[in-house]
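Next come the chains, spelled out residue by residue.
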Amino acid sequence: MRRWILLALAPVFLLLAAVIFNTVSKESRQLQVNPIAPLRIDENAAAARLAAAVRMRTVSNDLAPDQNAEEFRKLHEHLQHSYPHAHSVLKREIIAGYSLLYTWQGTDPNALPVMLMAHQDVVPIAPDTERDWQVEPFSGEVKDGFIWGRGAWDDKGNLFSIMEAVETLAAQGFRPKRTIYLSFGHDEEARGERGAKAIAALLKARGVRLDYILDEGLVITQGLTKGLDKPLALIGIAEKGYTTVLLNLSAKPGHSSMPPDKTAIGMMSAALARIENKQMPAGIRGAAHEMFDTLAPEMSGIQRVLLSNLWLFKPLVQHELEKKASTNAMIRTTTALTIVHAGNKENVLPGVASAAVNFRLLQGDSIADIVTHVKQAIVNDDIKLQTVPESSEPSRLSKTEAPAYKAIHRTVRQIFPETVVAPGLMIGATDARYFEAISNNIYRFSPIRAMPEDLARFHGTNERVSVKNYAEMIRFYHQLLMNSAAPSS
């Protein structure tokens with residue numbers, strides 16, 4: 001009997017042994033770096049320059065692109081005045097009226113150039129929320145150790161820390177081995193159609209090929225990942241695609257006292273309910289799989305066991321990820337009902353109903369797939385479908401084995417010691433998506449620290465960045481350029 005019991009339990013023991021072996025043997029992928037002396041920075045002066053930029057209301061508007069032209073011109077003048085050494089070594093071009101393209105010519109014509117990106121424009125303040133701010137939203141106030149105001153985080157913080165780093169290097173007589181491009185679009189918050197897209201087309205026409213691009217993106221968080229007590233820096237190796245499907249239905253209008261069995265609103269409502277109830281399938285793949293595989297050896301407790309053995313526990317992990325909106329978006333193409341229009345009088349049956357459904361596409365899905373999915377979900381051929389012109393397919397996955405990714409990884413570890421670095425997926429859209437034709441290595445990362453309570457500040461109320469963190473941002477870009485473009489000693 002004992003023998004049969006042991007034979008019956010043998011598969012269990014083997015499975016347990018495999019789980020334990022995978023958990024303890026999975027090696028860390030964190031690069032080991034030597035400590036470096038921190039770059040000396042006049043933090044107060046740097047903060048003041050960023051604060052002044054925040055006061056310029058560079059709100060972009062895709063319907064009125066020249067609406068804040070004077071504010072953008074003020075920002076350009078502020079950049080020229082604040083960074084004289086940088087402007088003495090950089091070639092400056094104004095693209096599409098307000099976007100900026102800077103070129104710092106390298107000494108080696110055979111070395112592929114690199115590009116750092118940021119954007120000048122900001123989103124508006126949500127109506128009737130101004131009183132919820134601790135400071136006036138465009139005051140650019142430096143208070144309690146923070147630089148406050150719209151754009152301090154997104155994305156003037158990145159733009160000005162890049163320029164601070166370049167100014168320091170130029171003042172020191174630094175000459176880059178490889179050419180450095182700086183791309184500062186003016187309408188990223190309005191899809192980047194005029195700015196970044198035009199810059200990408202210009203560089204492509206000139207035959208420019210880039211070793212890598214670093215744009216805004218994922219940040220450094222702490223306290224958001226169960227099982228990880230260290231800060232986590234996620235470097236976006238891809239971004240999701242974007243499309244909105246427009247649904248239009250025509251019906252016979254009439255008096256509400258004699259309604260037909262099926263009305264325009266009823267049919268459209270039923271279709272939208274089916275779309276929402278029939279989500280695109282989830283899957284831990286692409287950037288999400290790479291992220292979890294990298295994080296596994298850095299985790300503790302049950303999280304380390306689960307992530308080290310996704311071959312066994314993937315369904316359980318996926319089920320948990322689907323419970324939260326933020327993690328669900330990492331593993332599937334998301335569906336969001338955003339606009340519905342029908343009717344204009346309470347006693348008249350409308351003859352037309354329309355709706356918009358926004359999708360953020362995961363790698364592996366396409367815009368054509370989404371249209372097919374919606375058509376199959378609504379089961380109503382009377383509803384006509386079309387996608388918006390500004391749709392974009394999901395980006396490629398940039399490789400984590402590339403020297404460019406390792407340079408960014410190494411820089412994060414040098415400037416933010418004890419931080420765990422992993423690849424991740426950028427949920428939102430960035431200007432970087434326009435540059436895929438000229439670079440295979442496109443990464444999305446902002447060297448900004450964010451605690452859980454800070455995430456609501458992004459495009460929200462009380463946007464701010466700490467003066468200490470802003471100094472770290474400057475050091476990050478300074479060191480990245482040293483790691484990427486310094487002449488061989």
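Residues numbered from 1 in each chain as written. Predicted model: local features only at pLDDT ≥ 70, side-chain atom pairs only at ≥ 80, totals over all residues. Heavy atoms only, no water.

1. Some points on the sheet that holds strand 13 (residues 352-361)
Taken together, four strands build an open sheet; the order of strands is 11-13-9-14 and the sheet is antiparallel. Both outer strands of the open sheet, strand 11 (334-342) and strand 14 (384-387), are each paired with one neighbouring strand and no more. Strand-to-strand, the axes of this sheet are offset by a mean angle of 20°, without reference to chain direction. Looking at chain direction, strand 11 and strand 13 are connected through eight bridges and run antiparallel. In the strand pairing of strand 13, Ala342 is matched with Ala353. (Pairing = 2+ DSSP bridges. Helix = DSSP H or I, 4+ residues; strand = E, 2+ residues; numbered from the N terminus. Axes fitted to C-alpha atoms, helices over the stretch in contact; angles between N-to-C directions.)

2. Some remarks on the side chain of Glu167
Checked against the element boundaries, Glu167 lands in helix 5 (residues 156-171). Summary of buried charges: Glu167 has no salt-bridge partner, and the nearest side chain of opposite charge, Arg49, is 7.8 Å away. Once residues within four sequence positions are removed from consideration, Glu167 is found in contact with Ser82, Tyr83, Pro84, His85 and Ala86. (Buried < 20%, exposed > 50% of the residue type's maximum accessible area, 1.4 Å probe, protein only. Lys, Arg positive; Asp, Glu negative; His and termini not counted. Salt bridge = Lys/Arg side-chain N within 4 Å of Asp/Glu carboxyl O. Contact = heavy atoms within 4.5 Å.)

3. So, empty space enclosed by the protein
Scanning all chains against the criterion turns up one cavity of 30 Å³ or more. In this structure, the largest cavity encloses a volume near 70 Å³. (1 Å grid on protein atoms, 1.4 Å probe; cavity = no way out; pocket = protein on both sides within 12 Å on 5 of 7 lines; lining within 4 Å. Points joined across faces, edges and corners; volume = space filled by probe spheres on them.)

4. Examining the packing of helix 7 (residues 264-277) against helix 12 (residues 367-378)
The contact between helix 7 and helix 12 brings their axes to 8 Å, and the two run at 120°. It follows that helix 7 is oblique to helix 12 by the angle criterion. Crossing of helix 7 against helix 12: the hand is right-handed. Residue-level contacts link Ala271, Arg274 and Ile275 of helix 7 to Val374, Ala377 and Ile378 of helix 12. Class assignment of the residues belonging to the contact of helix 7 with helix 12 gives a composition of five nonpolar, no polar and one charged. (Parallel < 35°, antiparallel > 145°, perpendicular 65-115°, else oblique. Left-handed = near helix turned anticlockwise from the far one by under 90°. Nonpolar A, V, L, I, M, F, W, Y, C, P; charged D, E, K, R; others polar.)

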